[in-house]
Amino acid sequence: MDAGNQFARSHEIGVKVALILQKRLQAANEQYTARAREVATSAGNGADGAGPDAAGIAAALNPLNWYGYAVDAMQRSVLFWDAMRQRGNNFVENASQGLKPVLHFDYETVADGRTFDRPVNYALLRIAPPAGVVVHDNRRPYVIIDPRAGHGPGIGGFKDDSQVGVALRAGHPVYFVVFYRDPEPGQTLFDVCDAERLFVKKVRELHPDAPKPAVVGNCQGGWAAMMLAASGPDETGPIVINGAPMSYWGGAWTEGEGNNPMRYAGGILGGTWTASLLADLGDGKFDGAWLVQNFEYLNPANSLWDKYYHVYDKVDTEPPRFLEFERWWGGFYLMNREEIEWITRNLFVGNKLWSGNVGAQDSQRLDLRAIKTPIVLFASMGDNITPPQQAFNWVVDVYGSTEEVKSRGQVIVGLLHESVGHLGIFVSGKVAKKEHAQIVSVLETIESLPPGLYGMTIDEGRDKNGDARYEVEFQEYRLEDVAARLNRFQRVDEKAFEAVALVSDYLQHGYSLFAQPWVQAMSNAYTARRMRELHPLRVQNWAISDLNPWLAWLGPAAQVARTNRQTVADDHPLRRAEHAGASLVSAALDYFRDTRDALTEAAFFTVYGNVYSRYLAEGKDGALKEKIQPDPRSLPFVRAVLDAIAEGGYVEALARVSALLRRQDQPLPLSRLELRHELATEYAEYLPRISLHDWRRIRGEQEIAVRYETERAIQTLPQLLRDATDRERFLALVAKLSADERVRGLVSSEEQRAMLGRIRQALSNVKAANGKAANGKAANGRTLDNKTEHRRPAGRKAAAGRAAKPRSRQAALGPR
């Protein structure tokens with residue numbers, strides 16, 4: 001690229017960055033001004049809210065009011081610092097015991113990964129149901145994987161209203177994957193993945209009569225669950241990933257306000273070499289406290305002020321909840337150098353998990369398209385750590401089109417919360433009782449959905465007793481439409497992250513060559529331990545504990561304060577002034593955060609936008625345009641389906657009729673799915689006994705055929721039923737369904753009734769089609785040429801009832 005073009009591109013980047021920075025700073029100023037006015041209004045007693053009226057001034061000047069407030073404030077101060085002392089004592093006790101899981105439930109260890117051939121610091125726990133809760137061993141077990149991202153395990157079962165709690169109350173056995181503080185020497189993330197596969201096998205052995213286990217992954221545990229399912233696609237049941245980052249470069253939503261600043265951290269820190277440096281300083285172990293510090297860095301108002309002021313403000317009731325949460329938040333776990341380097345290079349900076357460029361232990365590549373079970377993606381618009389783009393964009397990158405999702409028989413269900421934050425996805429009782437409980441209740445039904453991409457909605461109502469009642473619906477979407485909605489800027493902002501990956505590789509290589517040998521030579525177990533102990537997040541815990549002799553007076557003083565507690569009302573004029581001052585401090589810290597994030601974003605795109613423009617942009621736009629398919633018919637798997645539209649048998653005929661009668665324009669309520677399951681059970685003798693994945697794959701192929709060649713799909717339907725036995729069986733099923741009032745309710749639109757008439761007319765010509773096909777065809781209706789026989793998978797051979805698998809399930813029945 002010549003100097004003139006380079007200068008023009010740099011100028012264009014600078015102008016765009018300056019305009020967005022101006023918008024973000026303006027938004028930050030407006031938000032701070034609005035909050036300051038709100039504080040002034042709430043603090044004022046005058047009619048116009050401009051300031052206190054005469055009564056308010058008199059109350060504020062009353063010496064008795066000052067005395068009462070002073071006593072209350074002093075007592076609250078003593079009790080607040082005593083709560084901090086208790087937090088420190090809990091921290092010291094937990095650290096001395098090796099940090100235990102913060103599970104609310106009793107448990108027993110089923111398998112310990114430290115005893116495996118490739119030892120890892122993971123274990124599988126079986127959760128004991130609380131009193132009054134009965135679980136059934138023949139119901140689907142749940143395996144929950146918590147994130148290993150600095151904190152310890154247990155957040156998925158942190159309290160009664162949690163993922164563990166709702167699954168237990170639904171009667172499911174629940175298992176929990178935990179990890180110990182210290183990693184085993186030499187363990188890698190692929191060792192962990194293999195251990196988790198062994199855990200799933202163990203659960204299947206303990207529940208031989210139950211469906212395959214559902215695997216639930218939280219945050220980092222989400223992509224761990226996806227790796228597990230991709231490496232062993234025949235071993236797991238449905239996958240549920242909550243707030244899990246899968247496409248790490250995504251996150252742009254609007255240009256007017258700050259968006260998801262954590263995604264810029266890798267570029268601002270210079271790439272992955274800083275993680276390697278910290279691991280080397282830790283004598284080969286990376287301290288998870290650095291990851292936790294990144295989380296706290298996101299919201300300084302909460303980390304430095306709000307959560308502490310809330311304890312001070314509500315010191316008579318708040319400490320137990322605060323201490324319970326801090327027991328998890330203040331537990332810092334370690335990773336091996338190999339683990340953190342793999343995470344930063346392949347995920348945080350490299351963004352390679354979805355691309356299939358990540359190799360497993362056996363040198364095979366992890367292909368997420370190999371997953372055969374339905375996948376539920378739960379994300380939130382209020383999550384600034386894993387925004388919806390990072391949770392969903394991998395589907396676009398992996399599959400590329402709706403047709404490929406269908407052709408592979410995959411079901412992907414997205415559930416989007418409007419406002420809850422990242423931690424709220426896992427710890428909120430309201431989210432557990434609504435979203436997680438409904439996921440558990442409909443997971444089996446989701447397995448019977450036709451292949452495709454669905455949005456799950458939960459409508460809340462009230463029953464006659466006033467209790468919450470939820471209605472679940474599924475709406476199918478085109479993958480292309482969802483991608484356009486989530487990525488309104490067509491992911492142009494992600495180009496700069498390619499430059500981050502390039503710069504990171506150079507700096508990592510330079511560190512490995514020139515600095516790493518010296519750092520490793522100077523580090524040892526003693527220096528690593530002292531560095532961890534002096535980390536600021538640990539110091540703030542143990543420094544305010546009974547280890548500090550200068551605080552020996554605090555416990556007795558707090559007991560005196562509790563015994564002689566004198567409170568003032570919240571509407572006390574000085575208490576209102578206190579609340580106003582606290583709100584202003586919080587607003588100022590938020591203003592600092594917004595300004596910092598805006599400047600960080602501007603610096604990021606200024607640096608890496610120019611690096612991309614200089615070294616990577618040439619030819620990229622043209623290459624991108626060449627990948628865009630103007631017509632989905634040109635996709636190879638679509639062409640293969642259309643070329644074989646007249647090939648198949650009983651299973652294909654059932655799937656095609658279901659696809660022809662399906663309605664795309666209406667949501668799919670849970671009640672209709674349950675009716676289909678009821679019909680499938682009642683008419684089981686007429687249904688093929690194949691696996692649900694095989695049925696979904698065949699159903700997806702037939703939906704492609706119906707979408708792009710509707711007329712040919714109807715005309716060639718009789719050719720799928722050449723075999724006399726299949727034909728009689730199919731017509732008998734049609735006759736029974738036609739006489740069933742419940743099925744008539746499913747076929748409700750004029751279009752469906754017209755299509756049903758056309759199908760009946762086509763089926764009336766089955767005998768003629770069978771006669772014409774007599775020459776050159778096998779008795780079972782299959783062609784004898786190698787091409788067609790090669791396309792027929794083993795699952796279809798079971799379609800005629802000749803090779804049924806003993807534990808297979810019946811296919812879903814009926815129109816949508």
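Residues numbered from 1 in each chain as written. Predicted model: local features only at pLDDT ≥ 70, side-chain atom pairs only at ≥ 80, totals over all residues. Heavy atoms only, no water.

- The name given to the chain in an unreviewed UniProt entry is Poly(3-hydroxybutyrate) depolymerase, with Bordetella bronchialis as the source organism.

Focus: the overall build of the chain
Thinking step 1. What the chain contains, in helices and strands, is 34 helices and 15 strands.
Thinking step 2. The burial tally for the chain puts 53% of its 816 residues in the buried class.
Thinking step 3. At a minimum sequence separation of 6, the contacts of the chain that also span at least 24 residues come to 82%.
Thinking step 4. By element, 55% of the accessible surface of the chain is carried by carbon and sulfur atoms, the whole surface being about 36800 Å². (Helix = DSSP H or I, 4+ residues; strand = E, 2+ residues; numbered from the N terminus. Buried < 20%, exposed > 50% of the residue type's maximum accessible area, 1.4 Å probe, protein only. Contact = heavy atoms within 4.5 Å. Areas by Shrake-Rupley, 256 points an atom, 1.4 Å probe, with all protein chains shown as cover.)

Focus: helix H16 (residues 429-447)
Thinking step 1. The first and last C-alpha atoms of H16 sit 26 Å apart over 19 residues, in line with the 27 Å expected at 1.5 Å per residue.
Thinking step 2. The largest bend in H16 amounts to roughly 45° and is located at Ser441.
Thinking step 3. If you check the start of H16, you find a side-chain oxygen 3.3 Å away from the backbone N of Lys430, and it comes from Ser428. (Expected span 1.5 Å × (residues − 1). Bend = angle between axes of the 7 residues up to and from the residue. Polar contact = N/O pair within 3.5 Å; in protein donor to acceptor, adjacent residues only side chain to side chain.)

Digging into the environment of Asp194
Thinking step 1. Within the secondary structure layout, Asp194 lies in helix H5 (residues 189-206).
Thinking step 2. Residue Asp194 is classed as partly exposed on the basis of its relative accessible area of 32%.
Thinking step 3. For the pair Asp194 and Arg118, spaced 76 residues apart in sequence, the C-alpha to C-alpha distance is 8.8 Å.

With respect to the pattern of salt bridges
Thinking step 1. Counting across every chain of the model gives 58 salt bridges.
Thinking step 2. Residue Asp191 is joined to Arg118 by a salt bridge in which the shortest nitrogen-to-oxygen separation is 2.9 Å. You can see Asp191 sitting in helix H5 and its partner Arg118 sitting in the loop between strand S1 (107-112) and strand S2 (122-127), a full 73 residues away along the chain.
Thinking step 3. With a relative accessible area of 49%, Arg118 lands in the partly exposed category.
Thinking step 4. Where Arg758 meets Glu711, a salt bridge forms, and the shortest distance between an N and an O atom there is 2.6 Å. Linking Arg758 in helix H31 (residues 750-763) with Glu711 in helix H28 (residues 710-715), this pair joins segments that are 47 residues apart in sequence.
Thinking step 5. With a relative accessible area of 35%, Arg758 lands in the partly exposed category.
Thinking step 6. Through salt bridges with shared partners, one network takes in Asp72, Arg76, Asp313, Lys314, Asp316, Arg565, Asp570, Arg575 and Glu578. (Salt bridge = Lys/Arg side-chain N within 4 Å of Asp/Glu carboxyl O.)

What about the nonpolar core?
Thinking step 1. Ranked by internal contacts, the top residues of the largest apolar core, which has 80 residues, are Trp223, Met226 and Trp394.
Thinking step 2. At eight residues, the largest contribution of residues to this core is made by H5.
Thinking step 3. Ranked by size, the runner-up nonpolar core spans 58 residues in total, among them Ile144, Val178, Val216 and Val411. (Core = buried A, V, L, I, M, F, W, Y, C linked by side-chain atoms within 4.5 Å.)

Notes on the packing of aromatic side chains
Thinking step 1. Going through the model one piece at a time under the given rule, you end up with 26 aromatic pairs.
Thinking step 2. Positioned over the ring face of Tyr180 is Arg114, at 3.7 Å from the centre of the ring.
Thinking step 3. A cation sits over an aromatic face here: Arg596 above Tyr297, 4.0 Å from the ring centre. (Phe/Tyr/Trp six-rings, centres within 6.5 Å; stacked < 30°, edge-to-face > 60°. Lys NZ or Arg CZ within 6 Å of the ring centre and 35° of its normal.)

Some thoughts on the pairing of strand S4 (residues 174-179)
Side-chain positions along a regular strand alternate between the two faces of the sheet.
Thinking step 1. In terms of residue burial, S4 counts as a mostly covered element, since six of its six residues are buried.
Thinking step 2. Where S2 meets S4, five bridges bridge the pair, whose relative direction is antiparallel. Within S4, the position partnered with Leu125 by the bridge is Phe176.
Thinking step 3. Both strand S3 (residues 142-145) and S4 contribute to a ladder of four bridges, which runs parallel. Residue pairing across strands places Ile145 opposite Val177, the latter belonging to S4.
Thinking step 4. Crossover handedness for the path S3 to helix H4 (residues 163-169) to S4: right-handed. (Pairing = 2+ DSSP bridges. Right-handed = clockwise from strand over helix to strand, strands pointing away.)

Considering the pairing of strand S6 (residues 239-242)
Thinking step 1. Here S6 shows two buried faces, one formed by Ile239 and Ile241 and the other by Val240 and Asn242.
Thinking step 2. A crossover links strand S5 (residues 214-218) with its parallel partner S6, the connecting element being helix H6 (residues 220-231), and its sense is right-handed.
Thinking step 3. Relative to strand S9 (residues 375-380), S6 runs parallel, the two being bridged by four bridges. Residue Val240 lies in a different strand from S9, and its bridge partner there is Val376.

Things to note about the packing of helix H9 (residues 289-298) against helix H10 (residues 300-313)
Thinking step 1. Put simply, H9 and H10 touch, their axes get as near as 4 Å, and they point 80° apart. Between H9 and H10, the interaxial angle falls into the category roughly perpendicular. Note on element contacts: H10 touches H9 through Pro300, Ser303 and Lys307, opposite Glu296, Tyr297 and Leu298. (Axes fitted to C-alpha atoms, helices over the stretch in contact; angles between N-to-C directions. Parallel < 35°, antiparallel > 145°, perpendicular 65-115°, else oblique.)

Topic: H5
Thinking step 1. Taking 1.5 Å per residue as the helical rise, H5 with its 18 residues ought to reach 26 Å, and the 26 Å between its terminal C-alpha atoms agrees with that figure.
Thinking step 2. Residues of H5 that are buried sit in contact with S1, S2, S3, S4, H6 and helix H12 (337-348).

What about the side chain of Asn94?
Thinking step 1. For Asn94, the position within the fold is in helix H3 (residues 63-96).
Thinking step 2. Taking the relative accessible area as the measure of exposure, Asn94 reaches 15% and is therefore buried.
Thinking step 3. Apart from residues no more than four positions distant in its own chain, Asn94 is found in contact with Leu99 and Arg327.

Observations concerning the sheet that holds strand S12 (residues 468-477)
Strands belonging to one sheet form pairs held by backbone hydrogen bonds; the direction of such a pair is parallel or antiparallel.
Thinking step 1. Pairing is mixed in the open sheet, where 11 strands are placed in the order S1-S2-S4-S3-S5-S6-S9-S10-S11-S12-S13. In this open sheet, the two strands that pair with only one neighbour each are S1 and strand S13 (668-669).

Here's the deal with the packing of H5 against H12
Thinking step 1. Orientation of H5 relative to H12, taken along the N-to-C sense of each, is 95°, at an axis distance of 9 Å. The angle between H5 and H12 places the two elements in the roughly perpendicular class. Two secondary-structure elements touch here, H5 through Leu189, Phe190 and Val192 and H12 through Glu339, Trp342 and Ile343.
Thinking step 2. Partitioning the contact of H5 with H12 into residue classes produces five nonpolar, no polar and one charged. (Nonpolar A, V, L, I, M, F, W, Y, C, P; charged D, E, K, R; others polar.)

Describing the environment of Gly414
Thinking step 1. Looking at the element boundaries, Gly414 is found in strand S10 (residues 411-417).
Thinking step 2. Not counting residues within four places of it along the chain, the set of residues in contact with Gly414 comprises Leu377, Phe392, Tyr454, Gly455 and Met456.

Things to note about a nonpolar patch on the surface
Thinking step 1. There is a patch of nonpolar side chains on the surface, built from Leu534, Trp542 and Leu547 and spanning about 320 Å² of accessible area.
Thinking step 2. The residue Trp542 is located in helix H20 (residues 536-542) in this model.
Thinking step 3. Look at Trp542 and you get partly exposed, because its relative accessible area is 31%. (Patch = residues over 30% accessible without salt bridge, like charges linked within 9 Å, V, L, I, M, F, W, Y side chains within 5 Å.)

Some thoughts on the confidence of the model for the chain
Thinking step 1. Taken residue by residue, the chain gives an average pLDDT of 85. The fraction at 70 or more is 87%.
Thinking step 2. Segment residues 622-628: pLDDT under 50, and zero contacts once partners within four positions in sequence are set aside and those in other chains are kept.
Thinking step 3. Overall, residues 773-810 carries pLDDT values under 50, and its contacts beyond four positions in sequence, including any with other chains, amount to 71 contacts. (pLDDT = per-residue confidence, 0-100.)

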